[in-house]
Amino acid sequence: MIARDRNWLLIFVVCVALAILYPFIADGYQLTVIRDALIFGLFAASLDFFWGRTGILCFGHAAFFGIGGYIMALVTLNDAIPFASLLGLAGAVAGAAFVAAIIGYFLFFGGIRGSYFTIVTLAMGVICQQAAVSWSSVTGGDSGLIGIPPIEFDVAGLPVDLSQDLPSYIFVSAIVAVAVLALWSISRGRWGTVLTAIQDNEVRAAALGHNAPLRLLVTFVLSAAIAGLAGALYVCMAGLVAPDLSGLLLSTEVIVWVAVGGRGTLLGPVLGAIFIQRAQQTISSFNPSLWPLLLGCVFVVIVFVLPDGILSIYARLKSLFKGRRRAQ
Amino acid sequence: MPPKACSPACANASPARPDAMDFVVTTLLNALTLISILMLVGLGLAISFGLMNVTNLAHGEFVTVGAFAVYFVQSMGGSFWLGLAAAPIAGAVVGCILEFAIIRHLYSRPVSTVLATWGVSLILQQGLELTFGLGAKPVTPPIEGTLDLVFTVYPAYRLILIAIAALTLLGVVLLISRTSFGLDIRTVIQNREMAEGVGINTRRTYAIAFTFGAAIAGLAGGLVAPLAIVLPQMGVNYLANAFFVVIVGGVGSIGGLVAGSVFVGGLTSVLNYQISPSLAQAIVLLAAIVAVRLRPNGLFNGASR
């Protein structure tokens, strides 16, 4: 257990070191590419925090990403609101958490688990996208909202302006690193242990005095809040928001990132998001309709060949070599 | 129909009554159309999700495949009825392949089933798009005219659709309650180990039941094709609604299926008159969530918790 924690921290430190060194070798465009991928990595980590620890799959997580994005866009595009960037970020987090709390309350306290939860969240994602398309007076309809300003605020009188590539890269990397570390320390501590107990046997955990529905609800709300934060960050960096951000395809992709990176590792999903997005950009530039087809194949392959994600290849190879050595 | 230009004083006079009646009957028939389709799509889902515990996210694609089968037959010069005969066959073929290639290996891994069937759903959607090209596909109904029903005038094809759906449902009820295969299915559902113990090939029964559900969904797709926008992505809307039918209605009985369809379909069509379709969908979703919270075992089996 302790060795595993040490390994995780080691990989985390290596990743942070790489993130710090990257600006020295990369140009502005490459920085923005990694920056956007990191935001999706944060989104993937938020899903992994819930799915990895509770074993319950949320199939509409992009709804929270989209809610965060739309709230951020609406707040920053309104000139009357002071401190728009900070208020927007806070509103995005609060809005996503609020929706998750309402839906989660009915589902978890209603005894909805497993596949039922997956289906309801899937429908939630579909409806969020439809609402974003049809409520065009607020959301801009199909084309979304454009011209969202970059984040800017004052820290103790010092203005922070994230319209440039390097500052925005540093800002996003710092947030992702802090968030992933925080989620990890929550999920490895007592909270995560209780969640594991609930996942293994909810009745038994409840008999030991744990309020299982409440634990699940708080975990879900926290996960949605981080997803909303990721959505808000993305919208400011991209400068636009569109219904796709809450759509089913993004909900699907984030599941693939988590599944490929390794469920329950928090770091794996971030890496999975970065690598798969690189692959997606390469393939989509070749033929845009090929990507969903490949995505479908990835789902099937993962289920049958790599149920524990890419990182499990290393563990498998290790056990393979160990087995050989023992045999000699 | 005379314009409603009269003063409030004459609002209760005779012309208003047929209008109100017309509205009620039209709404009722629209609801009945939607309920029929949902019932057919939900039937297959009730078998796989409700009874076999398989969350098949590719179920919506059976509907899409059925609709495309009708389109394909029509575009080759065949009649609508020929296409409608091909639709359940197409659904069954896809369902059978899916069961053999993927689902039967994952009965004990529910989350993996969700991921794999969703992958298959994406593959089927993109495959259809690559084969038939972008854009909505036109499907013409076999009968264009309307039928005079005393209170209202209603498209004849929709009435045929309702009749076919009702007959199909009746056929399924008879199949399950009166034939030896139906007895096998009921046995396997009640207790799989015991069914194996008395010599029923449960794997084969599952496969046939799954294929059968896919065929019915394909038929639903064929029936709805002239009314809907036929797109490779059309399945997901039916998927979500059909899951709600099964969840709200509760599993294990045709009565639950009917109750769930009436709840989801009826609410959707009534709301569609008042507000935008997306908002109507959102309200139906919320109502379904609340209904599940209050009656976890389904509307129909509400008392037995």
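Cut-offs applied
- Residues numbered from 1 in each chain as written.
- Chains lettered and ligands numbered in written order.
- Predicted model: local features only at pLDDT ≥ 70, side-chain atom pairs only at ≥ 80, totals over all residues.
- Helix = DSSP H or I, 4+ residues; strand = E, 2+ residues; numbered from the N terminus.
- Rg over C-alpha atoms; globule rule 2.2 N^0.38 Å.
- Buried ≥ 20, exposed ≤ 12 C-beta atoms within 10 Å, placed from the backbone.
- Contact = placed C-beta atoms within 7 Å.
- Nonpolar A, V, L, I, M, F, W, Y, C, P; charged D, E, K, R; others polar.
- Axes fitted to C-alpha atoms, helices over the stretch in contact; angles between N-to-C directions.
- Parallel < 35°, antiparallel > 145°, perpendicular 65-115°, else oblique.
- Left-handed = near helix turned anticlockwise from the far one by under 90°.
- pLDDT = per-residue confidence, 0-100.
- Expected span 1.5 Å × (residues − 1).

1. A few points about the overall build of chain B
Step number 1: Check the secondary structure of chain B and you find eleven helices and two strands.
Step number 2: The order of helices and strands in chain B, counted from the N terminus, is α-α-α-α-β-β-α-α-α-α-α-α-α.
Step number 3: The C-alpha atoms of chain B give a radius of gyration of 21 Å, which matches the 19 Å a tight globule of 305 residues would have.
Step number 4: Referenced to the eigenvectors of the C-alpha coordinate spread, the extents of chain B come out at roughly 75 × 50 × 35 Å.
Step number 5: Relative to its full complement of 305 residues, chain B shows a buried share of 46%.

2. Examining the overall build of chain A
Step number 1: Helix and strand counts for chain A stand at 14 helices and four strands.
Step number 2: Each principal axis of the C-alpha distribution contributes one length, and for chain A these read about 70 × 50 × 45 Å.
Step number 3: Within chain A, buried positions represent 49% of all 328 residues.
Step number 4: Long-range contacts, defined here as pairs at least 24 residues apart, represent 78% of the contacts in chain A between residues at least 6 apart.

3. Regarding the interface of chain B and chain A
Step number 1: On the chain A side, the residues contacting the 32 residues of chain B number 34 residues.
Step number 2: For the side of chain B that touches chain A, the leading source of residues is helix H4 (residues 110-132) of chain B, giving 15 residues.
Step number 3: Residue composition of the side of chain B that touches chain A, by class: 22 nonpolar, eight polar and two charged.

4. A short note on unusual backbone geometry
With glycine set apart, most residues show a phi of negative sign, and most peptide bonds adopt trans.
Residues and elements named next belong to chain A.
Step number 1: Backbone geometry places Leu-266, a non-glycine residue, at a positive phi of 65°.
Step number 2: Mapped onto the elements, Leu-266 comes out in the loop between helix H11 (248-261) and helix H12 (267-286).
Step number 3: C-beta crowding within 10 Å serves as the criterion here: with 27 such atoms nearby, Leu-266 is assigned to the buried category.

5. A closer look at the packing of helix H2 (residues 59-75) of chain B against helix H9 (residues 235-249) of chain B
Geometrically, a packed helix pair is captured by the angle between its two axes and the distance between the axes.
Residues and elements named next belong to chain B.
Step number 1: For the pair H2 and H9, interaxial distance at closest approach is 7 Å and the crossing angle is 135°. Taken as axis vectors, H2 and H9 run oblique relative to one another. The interaxial crossing formed by H2 with H9 has right-handed handedness. Listed contacts from H9 to His-59, Gly-60, Glu-61, Val-63 and Thr-64 of H2 are Gly-235, Val-236, Tyr-238, Leu-239 and Ala-242.
Step number 2: Looking at the contact of H2 with H9 residue by residue, the class counts come to five nonpolar, four polar and one charged.

6. Describing the confidence of the model for chain B
Residue and element names in this part refer to chain B.
Step number 1: Taken over all residues, the pLDDT of chain B has a mean of 82, while the share at 70 or more is 90%.
Step number 2: Scored below 50 in pLDDT, residues 1-16 makes two contacts in the model with residues more than four places away or belonging to other chains.
Step number 3: Among the scores for the predicted complex, ipTM is 0.74 and pTM is 0.79.

7. Looking at the environment of Arg-263 of chain A
Step number 1: Turning to its location among the elements, Arg-263 of chain A is positioned in the loop between H11 and H12.
Step number 2: As for Arg-263 of chain A and Thr-118 of chain A, which are separated by 145 residues in sequence, their C-alpha atoms are 16 Å apart.

8. Looking at the confidence of the model for chain A
Step number 1: Overall, the predicted model of chain A reaches an average pLDDT of 84, with 95% of residues at or above 70.
Step number 2: Considering each helix and strand of chain A separately, the mean pLDDT is smallest for helix H14 (residues 312-327) of chain A, with a value of 69, and largest for helix H10 (residues 212-238) of chain A, with 92.

9. Some points on the environment of Phe-12 of chain A
All names here are of chain A.
Step number 1: Relative to the helices and strands, Phe-12 is located in helix H1 (residues 2-25).
Step number 2: By the C-beta count within 10 Å, which is 17 here, Phe-12 ends up partly exposed.
Step number 3: With 169 residues separating them in the primary sequence, Phe-12 and Leu-181 have C-alpha atoms 8.4 Å apart.
Step number 4: Those residues within four positions of Phe-12 in sequence are excluded, and the remaining contacts are Leu-181 and Leu-267.

10. So, helix H11 (residues 277-294) of chain B
Because an α-helix packs 3.6 residues into every turn, residues spaced three or four apart end up facing the same way.
Step number 1: Relative to the 26 Å expected for 18 residues at 1.5 Å per residue, H11 of chain B spans 25 Å between its end C-alpha atoms, a close match to the ideal helical length.
Step number 2: Every buried residue of H11 of chain B is accounted for by Gln-281, Ala-282, Val-284, Leu-285, Ala-288, Ile-289, Ala-291 and Val-292 of chain B.
Step number 3: Buried positions along H11 of chain B lie against helix H4 (84-109) and helix H5 (114-134) of chain A together with H9 and helix H10 (254-274) of chain B.

11. Considerations on the environment of Ala-282 of chain B
Step number 1: Along the chain, the position of Ala-282 of chain B falls in helix H11.
Step number 2: Linking Ala-282 of chain B and Pro-232 of chain B, residues 50 residues apart in sequence, is a C-alpha distance of 23 Å.

12. Considerations on the packing of H2 of chain B against helix H8 (residues 202-224) of chain B
All names here are of chain B.
Step number 1: Their axes nearest at 7 Å, the elements H2 and H8 cross at an angle of 50°. The pairing of H2 with H8 is recorded here as oblique in orientation. In terms of crossing hand, the pair formed by H2 and H8 is right-handed. The residues of H8 that touch H2, namely those facing His-59, Phe-62, Val-63, Thr-64, Val-65, Gly-66, Ala-67, Ala-69 and Val-70, are Ala-214, Ala-217, Gly-218, Leu-219, Ala-220, Gly-221, Gly-222 and Val-224.
Step number 2: Here the residues of the contact of H2 with H8 are counted per class, giving eleven nonpolar, six polar and no charged.

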